[in-house]
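# Structure at a glance
If you want the building blocks of each chain, they are given just below.
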Amino acid sequence: MIADALESQKRKFVVAESQNAGKPISAVGVEVDAVVDNLRYFAGAARNMEGKAVAEYLPGRTSMIRRDPVGVIASIAPWNYPLAMAVWQAAPALAAGNTVVMKPASATPLAALRLTELAREVGFPAGVVNVITGPGAEIGAQFAADPRIDIIALTGDSATGRELMAAGAATLKRLHLELGGKAPFVVFADADIEAAARGAVAGAFVNGGQDCTAATRLYAQADIFDRLVARIAELTAQVRIGDPFGSTTDLGSLISRTHRDRVAGYVDSAVAAGARIVIGGSAKPSGVPAEGAYFAPTLIVGAQQSSEIVQQEVFGPVLVALPFSDEAEVI
């Protein structure tokens with residue numbers, strides 16, 4: 001029922017998500033379709049729980065596995081995919097018979113608030129789907145300390161995951177953590193250069209690079225490094241940055257000016273350490289609306305493997321490219 005209701009109100013959710021997170025509206029439509037599909041998937045999966053159901057270990061005795069709800073699930077969602085993450089955390093928990101308390105990111109509370117309203121509209125009993133907004137550190141600490149919370153699901157950075165794990169130890173809290181990443185994109189000399197270049201641009205810049213699976217460090221074999229970098233630069237120049245509601249926009253605003261400045265700080269530090277910007281690097285690209293937090297898609301070369309720009313999660317539209325000689329070195 002909630003999937004049908006969300007589908008019927010798709011436009012409303014698309015607009016709210018774009019306004020709240022700065023995403024290009026053309027991309028959000030696809031995300032909402034995926035959310036509807038996820039709701040239906042978990043509703044079906046609950047009918048077919050996997051695992052060994054019955055066994056006989058002693059004569060005359062039958063042992064069976066009975067699956068019961070865990071209880072109260074506290075879900076802490078990030079701001080990069082507000083609606084999708086709220087559903088990815090809540091839908092399987094609800095399908096398995098649990099109740100949910102959602103804590104959306106402070107910058108993007110609209111999706112979770114509207115999802116809670118939708119659950120009530122379609123007939124979910126009061127108290128089954130709940131939402132609380134506010135500072136993440138404060139509410140996360142309450143979740144960890146409250147014995148009524150049985151499990152906490154967090155999608156966020158690794159530092160927050162460590163803090164939550166430590167805070168939850170006193171109440172032996174169950175945890176489900178999806179944390180940050182720094183995905184490598186490895187290209188050998190025998191690869192299709194055009195396909196690799198297009199894949200690298202998509203992997204690094206989709207959703208403004210604000211993605212834990214963003215492939216923001218590119219390793220290319222030395223024989224093709226310059227050619228691949230040149231083609232990526234050409235494709236990067238074609239990425240259209242601007243108003244999220246523009247029909248041709250590829251890259252909208254980052255989540256906030258504070259985050260944009262953080263991304264710019266990584267780039268500035270890389271340049272100060274000897275790296276070179278091939279294209280981009282601007283926190284104020286031309287032709288974008290005055291409001292918002294725009295950062296030009298950026299390609300960097302000349303960084304060291306040990307440098308901050310290679311080792312740390314930038315969480316912005318920044319791709320750093322490094323050459324390698326053979327498989328052993330790149331691994």
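Right, let's walk through the structure included here. (Residues numbered from 1 in each chain as written. Predicted model: local features only at pLDDT ≥ 70, side-chain atom pairs only at ≥ 80, totals over all residues. Heavy atoms only, no water.)

### A short note on the overall build of the protein chain
- Within the protein chain, the regular secondary structure consists of twelve helices and twelve strands.
- Taking the principal axes of its C-alpha atoms as reference, the protein chain extends roughly 70 × 50 × 35 Å.
- Within the protein chain, the fraction of its 331 residues that count as buried is 46%.
- A separation of at least 24 residues holds for 69% of the contacts in the protein chain among residues at least 6 apart in sequence.
- For the protein chain, the exposed surface amounts to about 16,500 Å²; the carbon and sulfur share of it is 54%.
- Charge separation in the protein chain, taken as the distance between the mean sites of 28 positive and 34 negative side-chain charges, equals 6 Å. (Helix = DSSP H or I, 4+ residues; strand = E, 2+ residues; numbered from the N terminus. Buried < 20%, exposed > 50% of the residue type's maximum accessible area, 1.4 Å probe, protein only. Contact = heavy atoms within 4.5 Å. Areas by Shrake-Rupley, 256 points an atom, 1.4 Å probe, with all protein chains shown as cover. Lys, Arg positive; Asp, Glu negative; His and termini not counted. Charge placed at Lys NZ, Arg CZ, Asp CG, Glu CD.)

### A word on the packing of helix α3 (residues 25–45) against helix α4 (residues 82–95)
- The N-to-C vectors of α3 and α4 enclose an angle of 10°; their axes lie 9 Å apart at closest approach. Taken together, the axes of α3 and α4 are roughly parallel relative to one another. Here V32, V35, N38, L39 and F42 of α3 come into contact with α4, specifically with L83, A84, V87, W88, A91, P92 and A95.
- Across the contact of α3 with α4, the residue classes break down as eleven nonpolar, one polar and no charged. (Axes fitted to C-alpha atoms, helices over the stretch in contact; angles between N-to-C directions. Parallel < 35°, antiparallel > 145°, perpendicular 65-115°, else oblique. Nonpolar A, V, L, I, M, F, W, Y, C, P; charged D, E, K, R; others polar.)

### A short note on unusual backbone geometry
- The phi dihedral of L172 is positive, around 50°, even though this residue is not glycine.
- Position of L172 among the secondary structure elements: in the loop between α7 (158–167) and β7 (174–178).

### What to know about the nonpolar core
- Grouped together as the largest cluster of nonpolar side chains are 34 residues, with contacts concentrated most on L39, L83 and M102.
- Apart from the residues lying within four places of it in its own chain, the contact partners of L83 are F13, E17, V32, V35, A111 and L115.
- Core analysis: the next-biggest nonpolar cluster, separate from the first, contains 25 residues, V187, A200, Y294 and A321 among them. (Core = buried A, V, L, I, M, F, W, Y, C linked by side-chain atoms within 4.5 Å.)

### Quick notes on empty space enclosed by the protein
- Going through the model one piece at a time under the given rule, you end up with three cavities of 30 Å³ or more.
- The volume enclosed by the largest cavity comes to roughly 70 Å³.
- Every residue along the wall of the largest cavity is listed here: I2, L39, V87, A90, A91, L94, M102, L115 and V129.
- A total of four residues in the lining of the largest cavity trace back to one element, the largest contributor, which is α4.
- Of the residues assigned to the lining of the largest cavity, the class counts are nine nonpolar, no polar and no charged.
- In this model, the second largest cavity occupies a volume close to 50 Å³.
- Along the walls of the second largest cavity sit A21, G22, K23, P24, N207, G208, Q210, L251, G252 and S253, which together make up its complete lining.
- The residue inventory of the lining of the second largest cavity, partitioned by class, reads three nonpolar, six polar and one charged. (1 Å grid on protein atoms, 1.4 Å probe; cavity = no way out; pocket = protein on both sides within 12 Å on 5 of 7 lines; lining within 4 Å. Points joined across faces, edges and corners; volume = space filled by probe spheres on them.)

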